[in-house]
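# Reading the structure
Each chain is listed here by its residues.
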Amino acid sequence: MRSLSIQVPRTERSSRLWAGRGLIEQVPSLVPVGDYSSVAVVADAGAHEACSRLFAALPQTCSRCLVLDGGERNKDINGLGRVWQFFVEQGLDRRSLVVTVGGGALSDLVGFAAATFMRGIALLHIPTTLLAQVDASIGGKTGVNFMGIKNLLGAVMQPAGVVIDIDALASLPPRELCSGFAEILKHGLIQDAPYFELTSSRPFSAWSPEELVEVVFRSCEIKRSVVEADETEQGPRKTLNFGHTIGHAVEGYALEHGIPLTHGEAVAIGMVGEALISWRSGRISEGEFLAVRAGIGRAGLPVSLPTPFPVAELRQLLARDKKNIGSQVRWVLLDRIGACSFDLSVPEALVVEALTAIQANCP
Ligand code: GLY
């Protein structure tokens, strides 16, 4: 088992994170559940196996559970109301603990409910998708979608703990694993060249659970360093958006047109596009760009779009990115493999070149 703590300047208490195998059964010995006045669990409908394992391990007095369809579609005001109502019905108070078991959409929703209930009650995440394990459960971002805009309402509240059990990934479909792996590759690209080399050396599906513990833990360390430096994304936390500017535009277009494309696939293609901009604006060499693209492909992630996506429409979607300042798109670009800069402007012609280069069958 590996563990670390995350300490942000704003809060006195640090968050504790554990990563390993069979950790769900160990929750009562890792987390002092008896110190809380009550414990309430909110679980993803798809995480029933992890949830049963948790309930078998928890003392009987902790047997309150709300099961939700934790998908992105339910991460809204209505879902939030259901979680708050559950908290009230369970009589939670300021010394209660809320436990989430599921993916990132669930931890965003329930995290926001916990951050706002009685101005904030303690939270423990048990992420059951790779994406939630290496990204959503770490760093305290919570939120819900509003009026069709992703995460428009939100708060930052660090969880008391995060228990990452790699065994929870056993039943995940490969495309679901792929989403998390894109973030893992991103962590290497923005901060740790040997880690990118390692994680892009073979298909993401070829890692054993023991190896995944080490990989996931390294990603958690990288994310910790970013969050500790900048909890509220005023500066270096923006580097976590590498690949996500083009990635979100591509994901948005796919969603609107019913084209199956996971978040991870979109981010992988976005990282190729943004590495290309890094090369063409003179920040990295052509050789480095080719190494990034080849590594992403070797890991089993796509390096181009599955069908042609109109460049003009992608351009419009980029203009609507939540991270823009006014109408200016702000980019994260590589300075080399393992280092990057943020808040950069890119000439229009280069953006069009990148959006053209990621089209299907582009050489
Ligand atoms: N998912 C990016 C972040 O936590 O900042």
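Quick summary incoming for the structure in this document. (Residues numbered from 1 in each chain as written. Predicted model: local features only at pLDDT ≥ 70, side-chain atom pairs only at ≥ 80, totals over all residues. Heavy atoms only, no water.)

This part takes up the packing of helix α10 (residues 263–280) against helix α11 (residues 286–298). Taken N-terminus to C-terminus, the directions of α10 and α11 make an angle of 175 degrees; their axes are 9 Å apart at the nearest point. It follows from the interaxial angle that α10 and α11 lie roughly antiparallel. Contacts from Ala268, Met271, Val272, Ala275, Leu276 and Trp279 of α10 reach α11 at Glu286, Phe289, Val292, Arg293 and Ile296. Here the contact of α10 with α11 is built from residues that sort into 9 nonpolar, no polar and 2 charged. (Axes fitted to C-alpha atoms, helices over the stretch in contact; angles between N-to-C directions. Helix = DSSP H or I, 4+ residues; strand = E, 2+ residues; numbered from the N terminus. Parallel < 35°, antiparallel > 145°, perpendicular 65-115°, else oblique. Contact = heavy atoms within 4.5 Å. Nonpolar A, V, L, I, M, F, W, Y, C, P; charged D, E, K, R; others polar.)

This brings us to helix α4 (residues 104–116). With 13 residues, α4 should reach 18 Å at 1.5 Å per residue; the first-to-last C-alpha distance of 18 Å fits that figure. Across the 13 residues of α4, 12 count as buried, placing the element largely inside the fold. Listed as buried for α4 are Gly104, Ala105, Leu106, Ser107, Asp108, Leu109, Val110, Gly111, Phe112, Ala113, Ala114 and Ala115. Of the residues flanking the end of α4, it is methionine 118, one or two places downstream, whose phi is positive at about 50 degrees. (Expected span 1.5 Å × (residues − 1). Buried < 20%, exposed > 50% of the residue type's maximum accessible area, 1.4 Å probe, protein only.)

Okay, the environment of phenylalanine 146 next. If you trace the backbone, phenylalanine 146 turns up in strand β7 (residues 141–146). The contacts of phenylalanine 146, once residues within four sequence positions are left out, are Ile77, Leu152 and Leu153.

Those residues of helix α2 (residues 48–57) that fall on the buried side of the exposure criterion are Ala50, Cys51, Arg53 and Leu54. Seen along its axis, α2 keeps its buried residues to an arc of 160 degrees; they face one direction. In this structure, α2 carries His48, Glu49 and Ala56 as exposed residues pointing more than 90 degrees from its buried face. (Arc of directions from axis to C-beta.)

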